[in-house]
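Overview (structure and organization)
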Amino acid sequence: MAARISSVGNYAELSVLTVGSDIWFTESGQIWWNAALQPMLSDNSDGGQLITEREYQLIKEYPIPTNVTAAMVTELVMRLNNTVHNWDRGVLEDSGMISYREYNVHVTKINEDTEAARQQGHDSIFSAYDSTADEFEEAGKADEGVCAKVRIQIKQRLVITRDAFNARLEIENGESDQLTDIRVVIEIYSRNGTRTLAMDRFAIGNPTIAGITGTETQWSLATKTTGSAEWLIIPYSQAAPTQDTDYDIGGTLYYMVNGENLSVPLFPDTITVMPDPRLHLNYFLEKFVRADDPFTKAVVEPSIPFTLGILVSNSGFGAAKDLKISSGQPEIIDNEKGLLITFRIIGAQLGMQPISPSLDVTFGNVDPHSTKMARWLMTSSLQGKFSNYSATFQNTNPLGDPQLSIMDSIYFHELLHNVRVDWPADDQLSDFLVIDKSSATALPNLIYKSDDGLNPLPVTIGNVTTLEFLSPKEIQVSVKAHYPGWVYFQTPVTVNTALQVSAAIRSDGRQVISEHNAWIDTILNKTKLHILDYFDNSTLKMARVTYRLTLFRPNDRAPKFEKRRYEANVSEAESVITDLLTTHAVDADGDAVTYHLADTNYFAIDSTNGSLSLIKELDRETVAEHTFRVFAVDNGTPSRTGTAAVSVIVTDINDNAPEFEPSVYEATIEVDTPPGFDVLQVMAKDNDVGSNAQLLYSLQTDGVVFSVNSSTGMLSTTETIQSSPSTHTLTCVVSDKGVSPRNSTANIIINVINKNLHPPEFGHLNYNFSSLENATIGFELGEVSATDADSHSPNNVVRFSLAPASSSRLPFSVDQETGKVTVTGYLDRETTDTYTFEIIAADRGVPPTGQLSATTTVMVSILDVNDNRPSFPRSRFEYRILENLPSGELILKVKATDSDLGSNGAISSYELTPVTGNANFNLVVTNDSYAMIYTNSSLDREEFDRHTLILEVSDGGNPPRTGSTDVVIIVTDMNDNPPKFDSSLVQKSISRDTPVNTPVATVHATDIDTTGLLRYSINRTSNEPFQINEDSGAVRLSKQLSIVDPSSFNLSVIVSDGIFTDKMSLIINVITTNTYAPEFDGAPYAVVVNESVDAGRSIFQVTATDRDSSLVTYLITLGNTGNIFEIDSIEGIISTRGELDRETTPFYQLTVEASDGGINGQNILTSTAKVDVVVLDVNEHYPEFISGGIISLSVQEESKPGIMLGQVLATDEDRHNVSYHMVPGDEAAHFAVDTDSGNVTTNATLDRELKGSYQFEVEARDNGEPPLTSTAVVMVTVTDINDNEPEFDQSQYNISLQADDVVPGAVQLVVHASDEDEGRNAVVTYSIAGVGFMVDNHTGEITSELDGSSVTETTVYRFHVIATDQGIQPKWSMANVSITVLPGNQTRVTLLPGNQTTDVGTTTISMVTTPMQPKNTTVKTSGSPSIYRDSSLFFVTLLIVARCMML
């Protein structure tokens, strides 16, 4: 401890030496140093480490510490500047500067102490001191036992996609001898700017060889073999620092063959390297963990989730693609006292997305110079505080090159609170208020924004001057801030620890975001009020700044019923019961509870005591069980509701007699039926239950022939039936077994007939039928017949049917009475030409003999019809032939086929019909029915370039059927036509001062062939000053004309297609110049016109004159938006072409061009003038709401009055100002609209549970004359806030298990919690804080991790189950679980809840980068993409000091 105090003391002495006095070492001095002076000393400031005059003036403008004067500031600046200046000149000791010798002594000791601290697992001498101080403090608490230290790791893997290149060289040895001494020198050159060698910008892996033998430097390749080598090439970040950069990859191949050294240059290939990302990770962890305190033996405190946050920042110029962090659960790596403690991650969240029970976070792409935020929610089973953080990482990649790492930094920060930076704007994301290591006051000094992990915002500390309670739930706090920016205040406060801040309003009206930026917490039995707020210079100048804070006790807990389900039994004989059962619910917040029922009209409940009554007669046969819900509603704000289920089972009375179904039974049997034969079964039904529905059957008629089974109702014979024919009529009685039995009767008729002696016999053993394949359904094929030798009905009545084996797939049926066989499906001979099946003939005999039957075989032959067209192998044939193909050339030979039989399937004839083109083709049919198409004359593509023929075929059926195919013949071109000019003579004129390269004329020729490429040229007879473009035919002046040149040139222009030519004459006349341009009279012009002017109305006239006496013409060239104006080209009169609209275009500036005639249309001169047209307004448009006639807004419930919901905006096409007004109405009274801005605000606090939506009208009114108005309907939806926590069905779960039932993975218990919010606020996930058991995040199933076979004595496991909703600010609740494991076959008992100490954890974070598909790199002739994994493994170690029992 003394050594670490000495280390910190040495650092303090160095600080005093630097500034010259310890007067600076106050809280305000530290803030001034960080905010005012330190930025001026950074390397990127104006003067670097020297403070410039401008920087000095900025320092003086900053408010100085309270105990420091301006002269002392000047003295400090001079001391620092003198030190830097003198040390640079070699002057190390002098007055007014820092002594180099003393400075060096202190720095040397700091370096030694820092190294010693790191060897002991600390980041710095300060963390080592803090750790020792924590140990000293805890050791002094003798009455609280001994502290235990637990070190945990969380392994996390970060994966991104990266680029790489794969270069491949293949060598084929075609020599008669092997290649030896093979080696390759790879060279990479930069293509951007100067071509320079850039090998230092790439990492090149060792080659992978195939077919090549030898060591890495001595390769050989056998004769007549092929070998290859591949290199993985990965660019360093400096290869493309800020933008895509191109490189050439090539080299030289060296080898020896037959004693001769040879070399082969490898042609370079170009690759593009994209910039890398550069990643910075900032972790944020809450210092204090709130969970069970082992010193409170009577209660188990809940484990409150705490945050492990992360900001992933990319400072590079390339995107970090597909970034994902996969996390494991915390692992304990050091537990010095074997403390029973657990840590667990219960969910993860990216940005504003819902919390997921997954441990993985998928960030997607992190773009250059951007940041993304995520967090993990953790729990601990015991309370404690984190006292030490450290983070190291190492990079591994396929090449083992640490320079390939893209990780620039990883830092840990002590998180005080998740806040929200709402100035200058609020992005709704959580930000991190941290106590950084640079903080000298152990108070927060930085805010890391969720969208910027590299530039934290400074935080200064303000003072709380007064605190007074205006009421038990209202506080007024006076504060003093010293510097502009974000200011943090804290002060002790004596309030109920359940109270929270619901509103915080500054004296200038600014609202502080409660829960985030104004909060109350209790840590180690100390309750403090915290405020974080933004102060600008105007706020700093206020004489007094106060905050008025409203406190509230959150109605966090809904009432809980003692039971999840209540049950009662009621006889259906009862009509009224005043005290059926009593429900009871308890509200943990202490609120009064009232009771209510739903889903029942038979019961009522006392709203005060929960007593349930029966108010209406029940009927069990109508409803046997009544299930409904009972509600307990508290009187908190907002009110909360608990529910329980009630099940009332209606017990039976014997109020129903049994009834036969049917009431008369009849059966037929044969003579000589033996005794004991079952004839039939009677059945009755009784709507009662139990013994009231148990039935007994008996025969009322006395006799010895039949009897009935009293239980089953089966009627059977008691002796042989000998009389025939005869009829027996019986009466059967059924009775129930109720206390007062009820009964009913049924009649039974038994007919006795002669015995069935003979089966039917068919007239033929087999039957043969035939049918055309086009037979219609219902067509009769024939009939089968059979007779029966019995003499009496029904034994001699015959019925026919198809044998079951074939009946389902046959397209035939048989009439059961007549035996007629008919077609029932579609027949197709080409699919099936014969059907064979069996028909059964059966009589109608009765038991005991039953029916007798016989079978016969039926064969049906399907006859062919001409139902198939002949067809060709293809529906279209296409051929290309030259236009010079001689006559008689074979084009196509093809044969058609037909699937019918006989003449129906024979090919009868072919016919060829031209569709397009001409009839230059002959059709020849061979003896073997092939169709052959020949040319009968030469073809000319210029006449027809495409011939379409139809080849039709007919079969020999009657009538015949036909088929066809298209034959397309495309005639390809030959150069057999000359080009031709559009005109054989063209004349053009130019002036003698025409500039060189001016286009003079363009000649044009066409060629009806497609193969020739036209080229133009001038057949020169002298040195004419003209050139022609051989492709376009454009003729240009090639030399400046002079006075001595002739006044006319006759050029002979030739066009050629490579074989044929054509020529024309181009005559160019040289004329005198045009001297003067037209001049406008009175330009520029302005005209005013009303927007209601009619189309076609003249509004203005412009005039211009030409001193060359040329005719002047006019044209509007610019500003004619929408082509709304036109001008008379001769008179210069401007008219409207359409209607004007000032709201669309209030002003036009037209450009009018005046042109003279030039000379022969050449050398035309022009001038321009501006015409300004101003359009005057008419109030003709109603205001129009931008969002249409229906505007949808939303507001969170419980929002305070004055909250802005949104804005209604209307536009007026007349450009009048628009004002907004509420249309009176009942629902409009809850809202207000600002007359000028259209901002819609609330007039009252809204409750979604009372009313979920509102509708009212808003009027928009312009200020025209007269004013015009329009209205819109505003629909406001009141949205849910996460104001309800999940509620377990039971607050305590107690079960006991036999040890044999405790098996790893077995479900031991299911817990359930529900949440009365909506959407993701109502989605519940489960987590557990216990030893030996796990809970399914979604189902609540608790499974064992234990093996009960080792349990030898009764063991009790107690732990918590936490239910967490998925709100942005999640709420949670807890249930206690007690599981008693009994050895052997002991009696199971229920235990009351108790205390359980469980386990704590550590954090190892490993990052692996997964590359994306890289770019192709070709060395010599081939290249391929390559994927490699670049992984950075992080070791983040956290030390927690847990408060524990005496060990």
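Residues numbered from 1 in each chain as written. Predicted model: local features only at pLDDT ≥ 70, side-chain atom pairs only at ≥ 80, totals over all residues. Heavy atoms only, no water.

Helix and strand counts for the protein chain stand at eight helices and 106 strands. Computed over C-alpha atoms, the radius of gyration of the protein chain comes to 51 Å, more than 25% over the 35 Å expected from 2.2 N^0.38 for 1447 residues, which places it beyond the range of a compact globule. In terms of principal-axis extent, the alpha carbons of the protein chain reach across some 150 × 120 × 105 Å. The buried share of the protein chain, reckoned over its 1447 residues, is 46%. (Helix = DSSP H or I, 4+ residues; strand = E, 2+ residues; numbered from the N terminus. Rg over C-alpha atoms; globule rule 2.2 N^0.38 Å. Buried < 20%, exposed > 50% of the residue type's maximum accessible area, 1.4 Å probe, protein only.)

Moving on to the nonpolar core. Generally speaking, soluble globular proteins have nonpolar side chains that are buried together. By size, the foremost hydrophobic cluster in this structure holds 36 residues, and its most contacted members are L279, L281, I310, L323 and F363. Of all hydrophobic cores here, the second largest spans 33 residues; its members include W32, Y56, L76 and I461. (Core = buried A, V, L, I, M, F, W, Y, C linked by side-chain atoms within 4.5 Å.)

Right, let's get into the side chain of T379. Summarising the element assignment, T379 is placed in strand β19 (residues 370-380). For T379, a relative accessible area of 1% translates into the label buried. Ignoring any residue separated from it by four or fewer positions in sequence, one finds T379 in contact with S303, P305, F306, T342, F343, R344, I346 and I1362. (Contact = heavy atoms within 4.5 Å.)

Applying the stated criterion across every chain yields a total of 35 salt bridges. For D973, the salt bridge is made with R941, and the minimal N-O distance between the two is 2.9 Å. With D973 in the loop between β66 (962-972) and β67 (980-981) and R941 in the loop between β64 (930-935) and β65 (946-955), this pair connects stretches of sequence that are 32 residues apart. By relative accessible area, R941 is classed as buried at 11%. Residues joined by salt bridges that share partners form a network here, namely D422, R506, D508, R510 and D533. (Salt bridge = Lys/Arg side-chain N within 4 Å of Asp/Glu carboxyl O.)

By the secondary structure assignment, T855 is in strand β59 (residues 853-863). The spacing of T855 and A786 is 69 residues in sequence and 9.8 Å in space, taken between C-alpha atoms. Once you skip the residues sitting within four places of it in the chain, T855 turns out to touch F762, I839 and I840.

Parts of the prediction with low pLDDT should not have their coordinates interpreted in detail. Looking at the protein chain as a whole, the pLDDT averages 84, with 90% of positions reaching at least 70. Within the protein chain, strand β57 (residues 820-823) carries the highest mean pLDDT (95), whereas strand β103 (residues 1404-1409) carries the lowest (22). Of the regions scoring below 50 in pLDDT, residues 139-146 engages in 10 contacts with residues more than four places distant in sequence or in other chains. Contacts from residues 1443-1447, a stretch scored under 50 in pLDDT, to residues over four places away or in other chains number 20 contacts. (pLDDT = per-residue confidence, 0-100.)

What follows is about the packing of aromatic side chains. Counted under the stated rule, the structure contains 31 aromatic pairs. Ring geometry for W486 and Y534: centres 5.5 Å apart, planes at 70 degrees, overall edge-to-face. Here Y534 lies in strand β31 (residues 526-535) and W486 lies in strand β27 (residues 485-492), a separation of 48 residues in the sequence. Here the aromatic rings of F1288 and Y1293 are separated by 6.5 Å at their centres, their planes lie at 80 degrees, and the arrangement is edge-to-face. Taken together, F1080, Y1085, F1100 and Y1114 form an aromatic cluster joined through their ring pairs. (Phe/Tyr/Trp six-rings, centres within 6.5 Å; stacked < 30°, edge-to-face > 60°.)

What follows is about the side chain of R506. Relative to the helices and strands, R506 resides in strand β28 (residues 500-506). Residue contacts for R506: discarding those within four places in its chain leaves D533, Y534, F535, T539, V545, T546 and Y547.

Taking every second residue as pointing to the same face, the buried face of β59 carries A854, T856, V858, V860 and I862, while none of S853, T855, T857, M859, S861 and L863 on the other face is buried. With seven bridges joining them, strand β52 (residues 766-772) and β59 adopt parallel strand pairing. Residue pairing across strands places S770 opposite S861, the latter belonging to β59. Note that strand β58 (residues 834-842) and β59 share nine bridges and pair antiparallel. Residue pairing for β59: F837 is matched across the bridge by V858. (Pairing = 2+ DSSP bridges.)

This next bit is on the sheet that holds β64. Spatial strand order, β61-β64-β63: three strands in an open sheet with antiparallel pairing. Strands at the two margins of the open sheet, each flanked by one partner only, are β61 (890-895) and β63 (921-925). Each neighbouring strand pair of the sheet contributes to a mean axis angle of 20 degrees, computed without reference to strand direction. Relative to β64, β61 runs antiparallel, the two sharing five bridges. Its bridge partner being in β64, L892 is matched across the sheet by I933. (Axes fitted to C-alpha atoms, helices over the stretch in contact; angles between N-to-C directions.)

Taking 1.5 Å as the rise per residue, helix α5 (residues 100-119) with 20 residues should run 28 Å; its terminal C-alpha atoms sit 29 Å apart, in good agreement. Inspection of α5 places H106, I110, D113, T114 and A117 among the buried residues, and these make up the whole buried set. Viewed end-on, α5 has its buried residues packed into an arc of 105 degrees, placing them on one side of the element. Turned more than 90 degrees away from the buried face of α5 sit R101, V105, E112 and Q119, all of them exposed. Capping the start of α5, S99 holds a side-chain oxygen 3.4 Å from the backbone nitrogen of E102, two or three residues further along. (Expected span 1.5 Å × (residues − 1). Arc of directions from axis to C-beta. Polar contact = N/O pair within 3.5 Å; in protein donor to acceptor, adjacent residues only side chain to side chain.)

Read across the open sheet, the three strands follow the order β44-β48-β47; overall the sheet is antiparallel. In this open sheet, the two strands that pair with only one neighbour each are β44 (678-681) and β47 (706-708). Taken pair by pair, the neighbouring strands of this sheet meet at an average axis angle of 20 degrees, ignoring direction. When β47 meets strand β48 (residues 714-717), the two strands line up antiparallel, connected through three bridges. Residue pairing for β48: S707 is matched across the bridge by S716.

Moving on: the environment of I1054. Along the chain, I1054 falls in strand β74 (residues 1048-1056). Sequence-wise, I1054 and V1003 are 51 residues apart; in three dimensions their C-alpha atoms are separated by 10.0 Å.

Turning next to a nonpolar patch on the surface. A surface patch of nonpolar side chains, amounting to about 330 Å² of accessible area, comprises V1088, F1147, V1174 and L1176. When you line up the elements, L1176 lands in strand β84 (residues 1166-1176). (Patch = residues over 30% accessible without salt bridge, like charges linked within 9 Å, V, L, I, M, F, W, Y side chains within 5 Å. Areas by Shrake-Rupley, 256 points an atom, 1.4 Å probe, with all protein chains shown as cover.)

With that settled, the discussion passes to unusual backbone geometry. The amide bond that connects W423 to the next residue, P424, takes the cis arrangement and shows omega of 5 degrees. Here P424 is to be found in the loop between β21 (407-419) and β22 (431-435). A cis amide bond, omega 5 degrees, links P847 with the succeeding residue P848. Its identity is not glycine, yet D322 carries a phi of approximately 55 degrees, on the positive side. By the secondary structure assignment, D322 is in strand β15 (residues 320-327).

Turning next to helix α4 (residues 70-89). With 20 residues, α4 should cover 28 Å at 1.5 Å per step; its first-to-last C-alpha distance of 29 Å lies within 8% of that length. Within α4, burial applies to V73, L76, V77, R79, L80, N81, T83, V84 and N86. One or two steps after α4, the chain reaches G90, where phi turns positive at roughly 95 degrees.

Together, D1094, E1139, E1180, E1184 and E1213 make up a region of like negative charge exposed at the surface. Mapped onto the fold, E1213 is located in the loop between β88 (1210-1211) and β89 (1218-1222). With relative accessibility at 34%, the residue E1213 sits in the partly exposed group. (Lys, Arg positive; Asp, Glu negative; His and termini not counted. Charge placed at Lys NZ, Arg CZ, Asp CG, Glu CD.)

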